[in-house]
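# Descriptive structure summary
Take a look at the letters that make up each chain.
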Amino acid sequence: MKGGQVRRRYAAGVTAIAAAVTYILFARPRHLRWGASGQEYDASLPGDDLIVTPDLTATRAITVRASADQVWPWIAQLGQGRGGFYSYDFLENLAGCDIHSADRIIPGWQDIKIGDEVKLAPAVGLDVVDLEPERSLVLRGGVAMGAAPPPYDFTWAWVLRDKPDGTSRLLLRERYAYTRPWARFLVEPAEAVSFVMSQKMLRGIRDRADRVA
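Rules used in this analysis
- Residues numbered from 1 in each chain as written.
- Predicted model: local features only at pLDDT ≥ 70, side-chain atom pairs only at ≥ 80, totals over all residues.
- Heavy atoms only, no water.
- Helix = DSSP H or I, 4+ residues; strand = E, 2+ residues; numbered from the N terminus.
- Buried < 20%, exposed > 50% of the residue type's maximum accessible area, 1.4 Å probe, protein only.
- Contact = heavy atoms within 4.5 Å.
- Areas by Shrake-Rupley, 256 points an atom, 1.4 Å probe, with all protein chains shown as cover.
- Salt bridge = Lys/Arg side-chain N within 4 Å of Asp/Glu carboxyl O.
- Axes fitted to C-alpha atoms, helices over the stretch in contact; angles between N-to-C directions.
- Parallel < 35°, antiparallel > 145°, perpendicular 65-115°, else oblique.
- Left-handed = near helix turned anticlockwise from the far one by under 90°.
- Core = buried A, V, L, I, M, F, W, Y, C linked by side-chain atoms within 4.5 Å.
- 1 Å grid on protein atoms, 1.4 Å probe; cavity = no way out; pocket = protein on both sides within 12 Å on 5 of 7 lines; lining within 4 Å.
- Points joined across faces, edges and corners; volume = space filled by probe spheres on them.
- Nonpolar A, V, L, I, M, F, W, Y, C, P; charged D, E, K, R; others polar.
- Polar contact = N/O pair within 3.5 Å; in protein donor to acceptor, adjacent residues only side chain to side chain.

## Some words on the overall build of the protein chain
A tally of helices and strands in the protein chain yields 5 helices and 6 strands. Taken from the N to the C terminus, the helices and strands of the protein chain come in the order α-α-β-α-α-β-β-β-β-β-α. Across the 213 residues in the protein chain, those meeting the buried criterion constitute 44%. Considering only contacts in the protein chain between residues 6 or more positions apart, those separated by 24 or more positions represent 62%. When the accessible surface of the protein chain is split by element, carbon and sulfur atoms take 58% of a total near 11,400 Å².

Next comes the structure, spelled out in structure tokens:
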């Protein structure tokens, strides 16, 4: 019985390692650049200067059948207690985030400026550090570990680019700089979850903007 348990644990460990290696080698690179062209992935975007040498970068993108000025209001009202994040609300709310994504543009949520805080949850927020209306929004901060500061620096940027055919490209970039050696063991597994939520967010913004346009 004891030998059987050891063999089962060994097999489970090998399976887990194989799954992790497969994800790192094949799925992860695609997840970090989902929807983005090579040029978009390599481009310098607003907020990049805040973390010059990131330990982890993800750039994701989507085409919206609306101009940048039509997409912008959905970005301007991002946040908990505001327009939400247009992703999987039920998953965010399982973590106590109290997110309720809006399906319409709310005029009272359009006034956003540098220095404002965009809430991720009632007790967690990121600061607006760079802003160009109808073009880009950059947030910065992190999630504290109890009384300790976040073990990483983080920027989250939304960038809009008009296309000649009247559509626009919406780019979403995350950049992390680890301030503690163990931060990667926290951030990099979470990045797999971020991929799931981010691609849903991009689709959520696209669908809302397409519908209104």
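Next comes the rest of the write-up.
## A word on the pattern of salt bridges
A complete count under the given rule lists 13 salt bridges for this structure. For Glu174, the salt bridge identified is with Arg60, shortest N-O distance 3.2 Å. Here Glu174 is found in strand S6 (residues 168-178), whereas its partner Arg60 is found in strand S1 (residues 56-64), with 114 residues between them in sequence. Neither Glu174 nor Arg60 differs from the other in exposure class; each is buried. Across the salt bridge formed by Asp103 and Arg208, the nearest N and O atoms sit 3.0 Å from each other. In this pair, Asp103 is assigned in the loop between helix H4 (89-94) and strand S2 (117-121) and Arg208 in helix H5 (residues 183-212), connecting sequence segments 105 residues apart. A network of salt bridges, in which partner residues are shared, links Asp48, Arg173 and Arg175.

## Describing the packing of helix H3 (residues 68-76) against H5
Following both chains from N to C, one finds H3 and H5 inclined at 130°, their axes separated by 9 Å at the closest point. Looking at the two axes, H3 sits oblique to H5. As H3 runs across H5, the sense of the crossing is right-handed. Along the contact surface, H3 presents Val71, Trp74 and Ile75, while H5 presents Ile205, Arg208, Ala209 and Val212.

## Considerations on the nonpolar core
Ile75, Leu137, Trp156, Trp158, Leu170 and Ile205 are the most contacted members of the largest nonpolar core, which totals 41 residues. Mapped by element, the contributors of at least two residues to this core are S1, H3, S2, strand S3 (124-132), strand S4 (136-141), strand S5 (152-162), S6 and H5. The element contributing the most residues to this core is H5, with 7 residues. Look past the residues within four positions of Ile205 in its chain and what remains in contact with it is Val71, Trp74, Ile75, Tyr86, Trp158 and Leu170. Counting residues in each nonpolar core, the second largest holds 6 residues, with Ala36, Ala43, Val159 and Leu171 among its members.

## Points about the layout of surface pockets
With a probe scaled to a water molecule rolled over the atoms, the places where space remains empty come into view. Considered as a void within the structure, the largest pocket measures approximately 850 Å³ in volume. In terms of lining, the largest pocket is formed by 25 residues, of which the most central are Leu120, Val143, Ala190, Val193 and Ser194. Residue assignment for the lining of the largest pocket shows that the elements contributing at least two residues are H4, S2, S3, S5, S6 and H5. Per-element accounting of the lining of the largest pocket gives the leading share, 8 residues, to H5. Here the lining of the largest pocket is built from residues that sort into 20 nonpolar, 3 polar and 2 charged.

## Some points on unusual backbone geometry
Phi angles above zero are rare outside glycine, and Asp98 is one such case at about 55°. Along the chain, Asp98 turns up in the loop between H4 and S2.

## Observations concerning the side chain of Arg173
Note on placement: Arg173 falls in strand S6. Residue Arg173 is classed as buried on the basis of its relative accessible area of 4%. In this structure the side chain of Arg173 is engaged in a polar contact, spanning 2.8 Å, whose partner is the backbone oxygen of Ala43. Here Arg173 is in contact with Glu40, Tyr41, Ala43, Ser44, Leu45, Asp48, Thr57, Ala58, Thr59, Thr155, Trp156 and Ala157, once residues within four sequence places are set aside.

## Notes on the side chain of Arg169
Tracing the sequence through the fold places Arg169 in strand S6. Overall, the relative accessible area of 13% leaves Arg169 in the buried class. In this structure the side chain of Arg169 is engaged in a polar contact, spanning 2.8 Å, whose partner is the backbone oxygen of Gly35. Of note is the side chain of Arg169, whose polar atom sits 2.8 Å from the side chain of Thr63. Sequence-distant contacts of Arg169, that is, excluding residues within four places in its chain, are made with Gly35, Ala36, Ser37, Glu40, Ala61, Ile62, Thr63, Val159, Leu160, Arg161 and Lys163.

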